[in-house]
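Below are the chains, spelled out letter by letter.
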Amino acid sequence: MLEIPNLIPYTHYRFRMKQVNIVGPSPFSTSSRVIQTLQAPPDVAPASVTVRTASETSLWLRWVPLPDSQYNGNPESVGYRIKYWRTDLQSSVMVQVIHDRLEREYTVEELEEWTEYELQMQAFNAIGAGPWSEVVRGRTRESVPSAAPENVSVEAVSSTQILLTWASVPDQDQNGLILGYKILFKAKNLDSEPKTQVVRGNHTQSVLLAGLRKYVLYELQVLAFTRIGNGVPSSPPILERTKDDAPGPPVRLVFPEVRLTSVRIVWQPPEEPNGIILGYQIAYRLATSSPNKFTTVEVGSTVRQFTATDLTPESAYIFRASAKTRQGWGEPLEATVITTEKRDRPAPPRHLLIPQSEVTSRSLQLQWVPGSDGSSPIRYFTVQIRELPGGEWQTYSSSISHEVTAYLIERLNPFTSYKLRLKATNDIGDSDFSAETEAVTTLQDVPGEPPSCVSVTPHTTSSVLVQWQPPRDESLNGLLVGYRIYYRELEYEAGPGTESKTVKNPSALRAELTPQSSFKTVNSSSALTTYELTHLKKYKRYEVIMTAYNIIGESPASTPVEVFVGEAAPSMAPQNIQVNPLTASQLEVTWDPPPVESQNGIIQGYKIYYWEADRQNETENMKVLFLPETMVRLKNLTSHTKYLVSISAFNAAGDGPKSEPRQGRTQQAAPGIPSFLAFSEITSTTLNISWGEPVAANGVLQGYRVVYEPLAPVQGVSKVVTVDIKGNWQRWLKVRDLTKGVTYFFRVQARTIAYGPGLQANITAGPVEGSPGSPQDVLVTKSTSELTLQWTEGNSGDRPITGYIIEARPSDEGLWDMFVKDIPRSATSYTVNLDKLRQGVTYEFRVVAVNDFGYGEPSSPSVAVSAQSETPFYEEWWFLLVMALSSLIFILLIVFALVLHGQNKKYRNCNTGKSISNMEESVTLDNGGFAALELNSRHLNVKSTFSKKNGTRSPPRPSPGGLHYSDEDICNKYNGAVLTESTNLKEKSVDASESEATDSDYEDELPKHSFVNHYMSDPTYYNSWKRQAKGVKHPAAYRYEECAANETEPYFQTVITTQSAGGVYTPTGQQAPGSRTPVTGFSSFV
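A few points on the structure. Fair warning: this is a prediction, and the values are worked out from it, not measured in the lab. (Residues numbered from 1 in each chain as written. Predicted model: local features only at pLDDT ≥ 70, side-chain atom pairs only at ≥ 80, totals over all residues. Heavy atoms only, no water.)

## Structural notes on the overall build of the protein
This is how it is decided: Each helix is a run of H or I in the DSSP string that is no shorter than four residues. Each strand is a run of E no shorter than two, and both are numbered from the N terminus. When a residue's accessible area, from a 1.4 Å probe over protein chains only, is under 20% of the maximum for its type it is buried; when over 50% it is exposed; and in between it is partly exposed. A contact between two residues is defined here by any heavy atoms of the two lying within 4.5 Å. Where accessible areas are quoted, they stem from the Shrake-Rupley method and a 1.4 Å probe; at the residue level, only the protein chains shown are allowed to cover.
Helix and strand counts for the protein come out as four helices and 65 strands. Going through the 1086 residues of the protein one by one, you find that 43% of them count as buried. Taking as baseline every contact in the protein between residues at least 6 positions apart, the subset at least 24 positions apart corresponds to 68%. With the model as given, the accessible surface of the protein reaches about 56,200 Å², and the carbon-plus-sulfur share is 50%.

## Section: the nonpolar core
In a soluble, globular protein the nonpolar side chains are often hidden away together inside. Heads up, the rule is: Nine residue types can take part in a nonpolar core, namely buried Ala, Val, Leu, Ile, Met, Phe, Trp, Tyr and Cys, and a core is a set of them joined through side-chain atoms within 4.5 Å.
By size, the foremost hydrophobic cluster in this structure holds 22 residues, and its most contacted members are I689, W691, V735 and F746. Sorting the residues of this core by element identifies β48 (687-691), β49 (703-710), β50 (721-726), β51 (732-735), β52 (743-751) and β53 (759-764) as the ones contributing at least two each. Residue contributions to this core peak at four residues, all from β52. Filtering out sequence-adjacent residues up to four positions away, I689 remains in contact with L677, A678, F679, R731, W732, L733, V735, F746 and V748.

## Considering the packing of aromatic side chains
What counts, and what does not: Stacked, tilted and edge-to-face are the three classes assigned to paired rings of Phe, Tyr and Trp, where Trp is represented by its six-membered ring and a pair needs centres within 6.5 Å; plane angles under 30 degrees give stacked, over 60 edge-to-face, the rest tilted.
On inspection of all chains with the given rule, the structure shows 18 aromatic pairs. Ring centres of W166 and Y181 lie 5.4 Å apart, and the angle between their planes is 55 degrees; this geometry places the pair in the tilted category. Placement of the pair is W166 in strand β11 (residues 162-167) and Y181 in strand β12 (residues 180-187), with a sequence separation of 15 residues. According to the relative accessible area criterion, W166 is buried, its value standing at 5%. Their ring planes at 65 degrees and their centres at 5.2 Å tell us that W368 and F381 sit as a pair that is edge-to-face.

## A word on the pairing of strand β37 (residues 540-549)
For clarity, the threshold we go by: Any two strands with at least two DSSP bridges between them are considered paired.
Most of β37 is tucked away, with eight of its 10 residues classed as buried. Note: strand β34 (residues 482-490) against β37, nine bridges, orientation antiparallel. By the bridge assignment for β37, Y486 is matched with I545. Sheet analysis places β37 next to strand β38 (residues 561-565), joined by five bridges and oriented antiparallel. Bridge pairing in β38 places K540 opposite V565.

## Considering the sheet that holds strand β26 (residues 364-369)
Counted only if it meets this: In this analysis, axes come from line fits to C-alpha atoms, helices being fitted only over the stretch in contact, and the angle between any two N-to-C directions falls in the range 0 to 180 degrees.
Taken together, three strands build an open sheet; the order of strands is β25-β26-β29 and the sheet is antiparallel. Strand pairing shows two members of the sheet lacking a second neighbour, β25 (350-353) and β29 (406-409), which therefore form its edges. In this sheet, neighbouring strand axes are inclined to one another by 20 degrees on average, regardless of whether the strands run parallel or antiparallel. Two strands pair when backbone bridges link them, and β26 and β29 are joined in this way by four bridges, in the antiparallel orientation. Bridge pairing links Q367 to A406 in β29.

## Comments concerning unusual backbone geometry
Each neighbour pair has its own omega, and for S235 with P236 the value is -5 degrees, a cis peptide bond. By the secondary structure assignment, P236 is in the loop between β15 (217-225) and β16 (238-241). Put simply, L388 and P389 share a cis peptide bond, and its omega is 10 degrees. Positive phi, close to 55 degrees, is recorded for Y10, a residue that is not glycine. The topology assignment puts Y10 in the segment before β1 (12-13). One non-glycine residue, H535, lies in positive phi territory at about 60 degrees.

## Let's talk about the environment of F433
Relative to the assigned elements, F433 resides in the loop between β30 (417-425) and β31 (440-441). With a relative accessible area of 27%, F433 lands in the partly exposed category. Placed 85 residues apart in sequence, F433 and P348 show a C-alpha to C-alpha distance of 5.9 Å. Aside from chain neighbours lying at most four places away, what touches F433 is P348, T382, Q384, R421, L422 and K423.

## Focus: the environment of L644
Note on placement: L644 falls in strand β44 (residues 642-651). Distance in space between the C-alpha atoms of L644 and W611 is 5.6 Å, their sequence separation being 33 residues. Apart from the residues lying within four places of it in its own chain, the contact partners of L644 are Y609, Y610, W611, P661, R662 and Q663.

## With respect to the side chain of T416
Cut-off, in case you're wondering: A 3.5 Å cut-off defines polar contacts: any pair of N or O atoms within that distance qualifies, except that in protein one atom must be a possible hydrogen donor and the other a possible acceptor, and neighbouring residues in sequence count only when both atoms are side-chain atoms.
Along the chain, T416 turns up in the loop between β29 and β30. For T416, a relative accessible area of 12% puts it in the buried group. At 2.9 Å, the side chain of T416 forms a polar contact with the backbone oxygen of P414. Setting aside chain neighbours within four positions, we find T416 in contact with E387, V440, T441 and T442.

## Overview of helix α3 (residues 877-903)
Residue pairs spaced three or four apart in an α-helix point in one direction, given the helix's 3.6 residues per turn. Filter applied, for reference: A helix is expected to span 1.5 Å multiplied by its residue count minus one.
Between its first and last C-alpha, α3 extends 39 Å over 27 residues, near the 39 Å set by a 1.5 Å rise per residue. Listing the buried residues of α3 in full gives S887, L888, I891, V895, L898 and G902.

## Quick look at the pattern of salt bridges
Opposite charge on two side chains permits them to pair, given that their charged atoms come into close proximity. To be explicit about the condition: Salt bridges, as used here, are contacts in which a Lys or Arg side-chain nitrogen is within 4 Å of a carboxyl oxygen on Asp or Glu.
Following the criterion strictly, the structure yields 35 salt bridges and no others. Between R362 and D445 there is a salt bridge, with its nearest N and O atoms 3.2 Å apart. Linking R362 in the loop between β25 and β26 with D445 in the loop between β31 and β32 (452-460), this pair joins segments that are 83 residues apart in sequence. Looking at D445, the relative accessible area reads 16%, which means it is buried. Its salt-bridge partner being E489, residue K537 comes within 3.5 Å of it at the nearest N-O pair.

## With respect to the sheet that holds strand β10 (residues 150-156)
Spatial strand order, β10-β11-β14: three strands in an open sheet with antiparallel pairing. Of all the strands in the sheet, just β10 and β14 (206-209) have a single pairing partner and so form its edges. Put simply, the sheet's adjacent strands are angled 15 degrees from each other on average, direction ignored. In terms of strand pairing, β11 meets β14 through four bridges, oriented antiparallel. Each bridged residue has a counterpart across the sheet, and for L163 the counterpart in β14 is L208.

This is a description of form; function is not addressed.
This is how it looks when you write it as structure tokens:
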């Protein structure tokens, strides 16, 4: 036995041996069987473990996964274990487990802010864990304080001051360097937003709030802040009221009723009561009396009006109203009234003006000239304001003193246009509103918000990419000029306790951006802007903040963002991606690495993203390739499917951008099974089978195959029938050769490049239980053009009959097939037109009833019936033949009589040189099938059944000199019937009409001798007529052309045969050049 050391665990080996002696080695033995070594724990820890700050409460850990050769076990059981602990406390060790062997990064969450941690990693498999990696250290990011200052207390020291004290935030909740505190305070139920007072530094822990409103209840909170932002405010808010003081004057003092000797005065409580109102004092005197001589009346705190009596008519009086608290009487409000009854409403104020010098970013001053008081002193003014362009009029103040002619409008928005208007009020009522002022725009102010969503990512090993979204439009407070990016290098001092959190603050570097250089489109979103900070120091941490600025100044700073410079993900995607099909389930993807200048380090691998086209969300997968290879095979894909592939490269810093998707399609494969298989219209011998297109076509469907056979032999024979159907459009088949009561096995397969698996089903031919019985008394009656089937209803089965079908069996096939279906249940007969059947074929019919269970038992077959339609006797061939022979005999008799009549006349010499010879022509038949003859001579005219159309005359007789001859054969067939003679003639003719030619039509035109007798008596003309050559034009000759069926007939030229009673025809067509003359042996009579 030999022990072989240093083998790799969980690896297949073969062994062979050879022997060696002093002569030499022997040949190797035959290889052993394959032997796999046992599993073992991993031998090494994950490599290149690094940690980076991810957020205030998380650290980002990265490593290089174990290669396959170092798993030492089943790859599915390989994973990683992370342990971490705080360095400043003796805290317990926390563990995280990762089961994905391909994972190469992990974010450790739920850590303490601004805290340093130590971390280690190890790999494990099903057998055990490997060694731990070296310890790495990481610190979470500085954050905002997670607790409020403690022991907050407040004390009102005067009517306008409150003293606020607090203790510092607990050390464990500071989460960074405390830069100061903020006091939030607002008047309860009066102010909507709190005001803020900042206390810089961590050593001052008290503040005196001054300038507060008198005798007002305030809500106060304290929070601490770091460079990252504000911490948690103290809660609940502490309530404290400022001390009371003498009140302000009452407001809206009016005199609604004025008589000659009395007036009624009405007022409202002071806008600044500065305490609890204990009462009011009304003092009045004549305007012309001593300034100190007042009549004084005090009323209760709930009284709002007073009537002064015993006044002097038509006199001016001065009234004063004042309020009282426990601190004394407040400032009085003075008004003048005249004891008269001649009063009116005031006129609107005039000459409203807003001096541009009094316009600021949030306020403006309105000036005016009062109008007429209507013999009643003006008590107060009301000002309204409207924001342009579409704002509504809003009342800004309705208690402006009647003594002023200018008023400061505050709480306006910067860089906003406004219009204002004013009205006056006296004792009688309100004036109309004044004319609106010209539009005035407040000045710009610094932006109220910094850029949002600021992110900083490494771009190269010495640059970072800053991205952000612009502030909201309503917070710009003017025209945005650009952004400022502040960035600084961060260096942490290591040391015990809290000193380890001390931050050095090097001077900030500044990069200014104008809108022209910074506003660019990022990720197809115009809301984002981007800028690259370059020439940074490698392997340093930087902090970046941003502000927006306009011509007035900068916005508050954004939340700081930290970034580590020195490691950057590839800035470009892989190049020249090719996707090629290998098989029906595999694609081969090849590519080139990103350009060297964009790799930003050593490429550790690639991520291949692939998905089915149009289904990215459902089918996207990702394959990680750790070795820097440039080829991968994607397996287990769907056949004949279009895939899109995108690739990104990664290094130790992270993933680069994805490439543009490239397209590839897997090859075709055999299709899946049809989606369904259904049977319908099942009778004793037929059925319809239908199926669905496969869900997984796996290619272009070329057709289907249907195979069926009986489960058991029928009469000792088991016949297997295979039907191949081309194309994908037909997904059904009519099967007609089944045997009643026999169960058949059906299988349907789809085909692309090959046939796929089949979908199988069994079905029994014939009626099912509960179907109707057979209809009775099937009778077929035949008429001239129709067949009528009649039957009587049979047993309906377990359900009512819903209709009938009719099956037919032609004599030349012998298989029953469905002929008519969907016959209503109430019908007991059905008529079939013979045109729907094949002529000359004998058919049998049977009727099948239908109910909800299916087709029932068919009826007994009817008697065989021929589909030959019966025609009238006058259309039968024998009747037409008899009539044709009778007409021929009649014509011969007439010809014979004419010949005898012609021989008894003497001929007269003619200079035209006409001659005649016997010729043989066919008899022309009219539409009724009867022969017709038209004879014209000098003394004899015979009426014909054919006449000239529209009264046109027949052409003149030809002269012998106008006849031309030809040996060409003439058409010897007409409608498929062979004529007796081998030559036939056809003339241009006219349509037939009922008109007849008169005997006198040609008497003045024809010669005075018999044309017929002349040619019949001259033997030199026998056998001498020939057909003239085509294309030769002779104006005096008859015109003939080869027979062409179904042409329009302008006239008829009737000829008769003298030698044979063969086939006859009707010449048709127009006269045309190149006509033919009669053939030898025929005579033409006109």
